[in-house]
Amino acid sequence: MNIRFQCIIILLLTLVDGEICGQEMLVGFAKKNITPNPPIWLSGYASRTTPATGVVHNLWAKAVYLESSPKEKALIISTDLLGLSREVSQGIVQQLHETYGISQKQVIINSSHTHSGPMIWPALSGIANYSLEDQKAVSTYTLGLIKTIVDLAGESISNKDKMRLSVGHGQVDFAINRRQLAASKLGQVLAGPIDHDVPVIKVEDLKGNVKGILMGYACHNTTVQGDNYLVNGDYAGFAQIDLEKRFPTATAMFLLGCAGDQNPEPRGNILLAEKHGKKLAETVSELIQQKLKPLSNALQYDAQQITLDFKKIEISQFQQEIVGNDVFKQRRAKLMLEAFNKGWNMQHYLYPIQALRIGKEFTIIALAGEVVVDYSLRIKKEFAQHDIFVAGYSQEVMCYIPSKNVLKEGGYEAESSMIYYGWPGPFEDSVEEKIMQGVHLVMKNIGIRPKK
Ligand SMILES: [Zn+2]
């Protein structure tokens, strides 16, 4: 080979290398064990009558810190928990700001919604009939959790190093539309949408070691049911454990999608949770071993709050319910009458919506609450030119977020779940359009336009 030709090849390699350098980002991972010590009440099923009696495997809070420039930084935190209350989520965000100068817009905190994790005060505390002693255990755990997650974030920042990110998608099919299943048992037909997408972000160091895996899926972590009293992370917990065995240098994180009306099938015991987890891990593992779409070195983020309205409250309804026979309606009525007597406005909810664009190529929309799958499908359709994952269960989990269609159909996710969550009643029909307007606003603010 003549000298001139060799020089051209070296120049080309340098250019290619230069382009790869443009894809490097500072990334740090950290994980902390957040397994509670039984006895503590587990959250998610109103049928439980005692605190937890043991542990199947540990629960984890995990963080990935991303920094594309000294000014552009973001944190994604995953937790093997049912969901955070606003008090806990805002407590974490406030301390992250005070300690590390990271603002609310830069932090996404997602919960896997395992129904075999500890109760987080005061979210859903109305489902348990627990003693003062039990309540103290939950409060102590909750306070410790805030500190643990703030420390976790600090560790992920300290661990930052040059990494390359890439993204791909797989599919697993154990999620079913549980509303459709419930209706079919009654001889009714409901729409029954599903979303089997499994987005995967691979994070590698410059030597090609897999340092982190972020995966998403839209399916309730409810393979085990209310007869289970053992702490575990359900299928998402098993999937993370499996992946960290397959890729020992990696931290595997799970982000729950719009799973409000999605259940695993079959379900009923811990072996099935392990089976679903393995299926998810296998799909993710196959992707990790492939070359995925590189993400460039850039971060954009935005967060907005919108006002959602509940249907008009008739206080006489709660005056009747408080003397009725239904203990859950009694507890909700007590909350509502207290709020009414204090002059609090229970007609509205300030609802957080976030977007995090990683590189130019991939965006996570993070919505609060138990968001039904219609939102994921609609957002991906309206922004069809862009690669998107819609996470539900982000920041706080205060109730279900039904779509217009789910509200029209009625049932648990539209109405009766509000009793357990302690809210006055169903949302107004405007809920979906208001959330979509908020999504369009955060997308516009990070430079993403809808499909024409
Ligand atoms: Zn749920």
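So, how was this worked out
Residues numbered from 1 in each chain as written. Predicted model: local features only at pLDDT ≥ 70, side-chain atom pairs only at ≥ 80, totals over all residues. Heavy atoms only, no water. Helix = DSSP H or I, 4+ residues; strand = E, 2+ residues; numbered from the N terminus. Expected span 1.5 Å × (residues − 1). Buried < 20%, exposed > 50% of the residue type's maximum accessible area, 1.4 Å probe, protein only. Contact = heavy atoms within 4.5 Å. Domains from an automatic or database assignment. Buried area = accessible area lost by both parts, 1.4 Å probe. Salt bridge = Lys/Arg side-chain N within 4 Å of Asp/Glu carboxyl O. Nonpolar A, V, L, I, M, F, W, Y, C, P; charged D, E, K, R; others polar. Pairing = 2+ DSSP bridges. Axes fitted to C-alpha atoms, helices over the stretch in contact; angles between N-to-C directions. Phe/Tyr/Trp six-rings, centres within 6.5 Å; stacked < 30°, edge-to-face > 60°. Lys NZ or Arg CZ within 6 Å of the ring centre and 35° of its normal. Disulfide = S-S within 2.5 Å. Core = buried A, V, L, I, M, F, W, Y, C linked by side-chain atoms within 4.5 Å.

Undergrad: Just to check I follow, could you spell out helix α3 (residues 132-158) for this structure?
TA: Every α-helix winds through 3.6 residues per turn, so residues three or four apart in the chain are directed the same way. Along its 27 residues, α3 runs 40 Å from first to last C-alpha, staying within 8% of the 39 Å computed at 1.5 Å per residue. Among all positions in α3, only Val138, Tyr141, Thr142, Leu145, Ile146, Ile149, Val150, Leu152, Ala153, Gly154, Ser156 and Ile157 are buried. The inward-facing, buried residues of α3 abut β1 (24-33), β3 (60-67), β4 (73-79) and α2 (86-100).

Undergrad: It is not clear to me how the domain arrangement of the protein chain should be interpreted in this structure. Could you clarify?
TA: Where the parts come together, the accessible area they lose is often given as the size of the interface. Split by domain assignment, the protein chain resolves into domain 1 (24-305 + 348-445) and domain 2 (313-341). In this structure, domain 1 and domain 2 have C-alpha centres spaced 31 Å apart. Each partner contributes residues to the interface: domain 1 has 12 residues there, and domain 2 has eight residues. Counting each side, the surface lost to burial between domain 1 and domain 2 is near 780 Å², with a carbon and sulfur contribution of 66%. Connecting domain 1 to domain 2 are zero salt bridges. Partitioned by chemical class, the residues of the side of domain 1 that touches domain 2 number eight nonpolar, four polar and no charged.

Undergrad: I would appreciate a short explanation of the sheet that holds strand β14 (residues 299-309) in the present structure.
TA: Hydrogen bonds along the backbone pair up the strands of a sheet, which may run parallel or antiparallel. Across the sheet, which stays open at both edges, the four strands sit in the order β14-β15-β16-β18 with mixed pairing between neighbours. The open sheet terminates on both sides in strands that have one partner only, identified here as β14 and β18 (387-391). Recorded for the sheet is a direction-independent mean angle of 15 degrees between the axes of neighbouring strands. Where strand β16 (residues 362-367) lies against β18, five bridges are found, and the strand directions are parallel. Its bridge partner being in β18, Thr363 is matched across the sheet by Ile388. Lying over the sheet, helix α12 (residues 431-445) contacts β14, β15 (348-358), β16 and β18, oriented at roughly 160 degrees with respect to β14.

Undergrad: I'm lost on the pairing of strand β6 (residues 161-171) in this one. Help?
TA: Walk down a regular strand and you will see the side chains alternate between the two sheet faces. In the sheet, β1 pairs with β6 via four bridges, with the strands oriented antiparallel. Looking at β6, one finds that Glu24 is bridged to Arg164. Looking at chain direction, β6 and strand β8 (residues 197-205) are connected through nine bridges and run antiparallel. Looking at β8, one finds that Val167 is bridged to Ile201.

Undergrad: What is the right way to read the environment of Gly260 from this model?
TA: Positionally, Gly260 belongs in the loop between β11 (251-256) and β12 (262-264). For the pair formed by Gly260 and Asp374, sequence separation is 114 residues and the distance between their alpha carbons is 9.5 Å. With sequence-adjacent residues up to four places away left out, Gly260 is seen in contact with Arg178, His220, Glu370, Val371, Val372, Tyr393, Tyr400 and Glu413.

Undergrad: What is the right way to read the packing of aromatic side chains from this model?
TA: Two measures describe an aromatic ring pair: the distance that separates the ring centres and the angle between the ring planes. Counting across every chain of the model gives 12 aromatic pairs. Ring plane angle 20 degrees and centroid distance 5.5 Å describe the contact between Phe310 and Trp423, whose orientation is recorded as stacked. Separated by 113 residues along the polypeptide, Phe310 in the loop between β14 and α7 (315-321) and Trp423 in the loop between α11 (412-421) and α12 bring together distant segments of the chain. An identical accessibility class is assigned to Phe310 and Trp423; each is buried. Every member of this aromatic cluster is reached through a ring pair, and the members are Phe328, Tyr400, Tyr412, Tyr420 and Tyr421. The ring of Trp60 carries Lys31 above its face, with NZ or CZ at 4.3 Å from the centroid.

Undergrad: Which parts of the structure should I look at to understand the state of the cysteines?
TA: Working definition: the covalent bond between the sulfur atoms of two cysteines is a disulfide. Inspection of every chain in the model, using the stated rule, returns zero disulfides. This cysteine, Cys219, is not joined by any disulfide, and Cys258 carries the nearest cysteine sulfur, 13 Å off. Cys399 takes part in no disulfide bond, and the closest cysteine sulfur to it belongs to Cys258, at a distance of 14 Å.

Undergrad: Quick question: what am I supposed to make of the pattern of salt bridges here?
TA: Where charged atoms of side chains with opposite charge meet at close range, the side chains can pair. One pass over the full model with this rule turns up 23 salt bridges. A salt bridge links Arg164 to Glu24, with the shortest nitrogen-to-oxygen separation between them at 3.6 Å. Taken together, the positions of Arg164 in strand β6 and Glu24 in strand β1 put the pair 140 residues apart, joining distant regions of the chain. Residue Arg164 is classed as partly exposed on the basis of its relative accessible area, which comes to 26%. For Asp151, the salt bridge is made with Lys147, and the minimal N-O distance between the two is 2.7 Å.

Undergrad: Help me out: how do you make sense of the nonpolar core in this one?
TA: Nonpolar side chains tend to gather and get buried jointly when the protein is soluble and globular. In terms of nonpolar packing, the biggest core is built from 71 residues, with Ile213, Leu280, Tyr351, Leu367 and Ile435 touching the most fellow members. When residues of this core are assigned to domains, at least three map to each of domain 1 (24-305 + 348-445) and domain 2 (313-341). With residues up to four places along the chain from it excluded, the contact list for Leu280 reads Val172, Phe174, Val198, Met215, Tyr235, Ala239 and Phe254. If you look at the next biggest cluster of nonpolar residues, it comprises 36 residues, including Val93, Ile102, Tyr141 and Ile146.

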